[in-house]
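# Observations on the three-dimensional arrangement
This is what each chain is made of:
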Amino acid sequence: MNTKLVLIIGGPGSGKTTIINELTDRGYICYPEISREVTKKAQEKGIDQLFLTEPLLFSQLLLEGRIDQHKNAAEEEAPIVFIDRGIPDVLAYMHYKGDAYPESFDLACKNHIYHQIFLLPPWENIYISDEQRYESFEQANLIHRYLVDTYKSYGYDLIEVPREPIIKRVEFILDRV
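Residues numbered from 1 in each chain as written. Predicted model: local features only at pLDDT ≥ 70, side-chain atom pairs only at ≥ 80, totals over all residues. Heavy atoms only, no water.

On to the packing of helix H1 (residues 16–25) against helix H8 (residues 166–176). The contact between H1 and H8 brings their axes to 10 Å, and the two run at 70°. As the angle between them shows, H1 and H8 are arranged roughly perpendicular. On H8, the residues touching Thr-18, Ile-19, Glu-22 and Leu-23 of H1 are Ile-166, Ile-167, Arg-169, Val-170, Ile-173 and Leu-174. Split by residue class, the contact of H1 with H8 holds seven nonpolar, one polar and two charged. (Axes fitted to C-alpha atoms, helices over the stretch in contact; angles between N-to-C directions. Helix = DSSP H or I, 4+ residues; strand = E, 2+ residues; numbered from the N terminus. Parallel < 35°, antiparallel > 145°, perpendicular 65-115°, else oblique. Contact = heavy atoms within 4.5 Å. Nonpolar A, V, L, I, M, F, W, Y, C, P; charged D, E, K, R; others polar.)

As structure tokens, then:
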């Protein structure tokens, strides 16, 4: 089966997890964001924000996890798999931080292709920071711009999801896949 890999991307607090949860509730196969898991494991080891203290290590762990997600999603016996964030997100965040990364990061983006990308724009009305999401809303806006630039640099067309209630956002996505 040729599984269609569909990404849900956007800056912090734009509603990605809520959409993934709603799609899961509707019976779709969805892969969750893994950065919270990586952050939580680091916090359990006493590192409050691994992304801030060791961004390359954090990014390498994310890259490995997202490559695994891509591989596993492609092997699903389903017509569509939704994924919360993709491999180019890793590079977008490295660009945001202004940090260098190995060529293998770029190659991972070129070698792992997604079929469709839905972009959630920053939305201040729903933005909430928490223990894993440390960015301000202004930083979330800046990250959004890096995400757009990075995905476009790999030739992706981004479909912007309107700021609507969750049901309308999910219907917008489902009408276009």
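Next, the rest of the story.
When you tally the buried positions in strand E1 (residues 4–10), you get six out of seven residues, the bulk of the element. Both E1 and strand E3 (residues 80–84) contribute to a ladder of five bridges, which runs parallel. Bridged to Leu-7 within E3 is Ile-83. In this sheet, strand E4 (residues 116–120) lies alongside E1 in parallel orientation, the contact comprising five bridges. Bridge pairing links Leu-7 to Ile-117 in E4. (Buried < 20%, exposed > 50% of the residue type's maximum accessible area, 1.4 Å probe, protein only. Pairing = 2+ DSSP bridges.)

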